[in-house]
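# Architecture at a glance
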Amino acid sequence: MTSKRSAYDVIVAPVITEKATLASEANQVIFKVRRDATKPEIKSAIEGLFKVKVKGVNTIVRKGKQRTFKGIKALLSDTKRAIVTLEEGHSIDVTTGL
């Protein structure tokens, strides 16, 4: 059984990169989310936090890379990102805090 998670537990952080700003022109916003978050959970979390209407959610799992620091090898953890497409007329300004 899974307990109901709050929206702040599902959404980790917004992604602010050059690609993410280009996606904002197509009415899309990119967020880092929990690895076990589902698309319906992400959709309800975004709609609840930002008071917008979500058209669709696409997810990407980025595999962790292997890094070497001072001869010690480490594997970075996998991350999950959600590309949220908003309905026409809705927008989210991720540069301001919640």
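Here goes a summary of the coordinates provided. (Residues numbered from 1 in each chain as written. Predicted model: local features only at pLDDT ≥ 70, side-chain atom pairs only at ≥ 80, totals over all residues. Heavy atoms only, no water.)

### So, the nonpolar core
Counted only if it meets this: Nonpolar cores are built from buried Ala, Val, Leu, Ile, Met, Phe, Trp, Tyr and Cys residues. Side-chain atoms within 4.5 Å join them into one set. Partly exposed describes any residue whose relative accessible area lies between the buried limit of under 20% and the exposed limit of over 50%, with all areas from a 1.4 Å probe on protein chains only and scaled to the type maximum. Here a strand is any run of E in DSSP of at least two residues, a helix any run of H or I of at least four, and the numbering for each starts at the N terminus. Note on definitions: a residue-residue contact is assigned when non-hydrogen atoms from the two residues lie within 4.5 Å.
Formed by 18 residues in total, the largest nonpolar core has its most connected members in Ile11, Phe31, Ile42, Ile46, Val84, Leu86 and Ile92. When residues of this core are traced back to their parent elements, those giving at least two are helix H1 (7-10), strand S2 (28-33), helix H3 (39-50), strand S3 (54-62) and strand S6 (79-86). When neighbours within four sequence positions are excluded, Ile92 is seen to be in contact with Val29, Phe31, Ile46, Phe50, Val52 and Leu86. Counting five residues, the second-largest nonpolar core is a separate cluster that includes Val15, Ala20, Ala23 and Ile30.

### A short note on the pairing of strand S4 (residues 66-69)
Looking along a regular strand, one sees side chains alternate from face to face of the sheet. Selection criterion: The pairing criterion for strands is at least two bridges between them, as found by DSSP.
Pairing between S4 and strand S5 (residues 72-75): four bridges, direction antiparallel. Pairing of Gln66 across the sheet is with Leu75, part of S5. In textbook terms, the turn of a hairpin is the stretch between consecutive antiparallel strands, and for S4 and S5 this stretch comprises two residues, one of which, Lys70, has a positive phi near 55°.

### Examining the side chain of Lys80
Rules: Lys and Arg are tallied as positive, Asp and Glu as negative. Neither His nor the chain termini are counted. The salt bridge criterion pairs a side-chain nitrogen of Lys or Arg with a carboxyl oxygen of Asp or Glu, the two atoms within 4 Å. Polar contact criterion, stated in full: a pair of N or O atoms within 3.5 Å, where within protein one must be able to donate a hydrogen and the other to accept it, and residues adjacent in sequence count only if both atoms are side-chain atoms.
If you trace the backbone, Lys80 turns up in strand S6. As a buried residue without a salt bridge, Lys80 has its nearest oppositely charged side chain in Asp36, at a separation of 7.4 Å. A distance of 2.7 Å separates a polar side-chain atom of Lys80 from the backbone oxygen of Ala37. Look past the residues within four positions of Lys80 in its chain and what remains in contact with it is Phe31, Lys32, Val33, Arg34, Arg35, Ala37, Thr59, Ile60 and Val61.

Bear in mind that shape data such as this cannot, by itself, settle questions of function.
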